[in-house]
Amino acid sequence: MTPEQRLAELGLTLPEVVPPLAAYVPAVRTGDLVYTSGQVPLVEGKLPLVGKLGAELTVDEGREMARICALNALAALKSEVGDLGRVVRIVKAVVFVASDPGFTGQPQVANGASELLAEVLGEAGRHARSAVGVASLPLDAPVEVELIAEVS
């Protein structure tokens, strides 16, 4: 089953690539690696939720926002290589979580992105990861995800 078929089976579609919010491109390929820019959970140009985890948002809401970020990152990745079937593996995911100072659930929030990648790409979606708490993110987004992928 192709990644696109898995997406359909999950009831998901890849969104249009999120236009850059500043002076950068959505993804860059160098050799067999593609680096995506950080993707916030924009849906049709809007953030469904804003704020910090542990203050305005719950872990479950953060996990859902991380899933949307990962879906946006897959769209950026596909825009660079043309077909998600060319993904050999996701090498690393970095998940930034806008966090209240006492919040320590960044790994649980990041699981939303990690689980989506594994659901869509199977074994190729399993990756190394960093889950980092930050004071704030662009547009008051609760989560941002970037990927490094090996492609053929």
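Look a little higher up for the structure.
In this text the structure is predicted, and so the values were computed from the model without any measurement.

Colleague: Sorry if this is basic, but what is going on with the pattern of salt bridges here?
Modeller: Opposite charge on two side chains lets them pair, provided their charged atoms get close. For the coordinates displayed, the defined rule picks out four salt bridges. With a closest N to O distance of 3.3 Å, Glu4 and Lys78 form a salt bridge. Here the residue Glu4 occupies a position in helix 1 (residues 3-9), and Lys78 occupies one in helix 2 (residues 59-81), the gap between them amounting to 74 residues. For Glu119, the salt bridge is made with Arg67, and the minimal N-O distance between the two is 3.3 Å. Here Glu119, found in helix 3 (residues 106-121), pairs with Arg67, found in helix 2; they are 52 residues apart in sequence, far enough to count as distant. The class of Glu119 is partly exposed, set by a relative accessible area of 34%. In this structure Arg67 comes out as partly exposed when scored by relative accessible area, which is 21%.

Colleague: Even after reading the chapter, I still don't get the pairing of strand 4 (residues 128-134), so can you show me in this structure?
Modeller: Along any regular strand the residues' side chains alternate between the sheet's two faces. Pairing between strand 3 (residues 87-98) and strand 4: seven bridges, direction parallel. Pairing of Ala98 across the sheet is with Val134, part of strand 4. Considered for its hand, the β-α-β crossover made up of strand 3, helix 3 and strand 4 is right-handed.

Definitions and cut-offs
- Residues numbered from 1 in each chain as written.
- Predicted model: local features only at pLDDT ≥ 70, side-chain atom pairs only at ≥ 80, totals over all residues.
- Heavy atoms only, no water.
- Salt bridge = Lys/Arg side-chain N within 4 Å of Asp/Glu carboxyl O.
- Helix = DSSP H or I, 4+ residues; strand = E, 2+ residues; numbered from the N terminus.
- Buried < 20%, exposed > 50% of the residue type's maximum accessible area, 1.4 Å probe, protein only.
- Pairing = 2+ DSSP bridges.
- Right-handed = clockwise from strand over helix to strand, strands pointing away.

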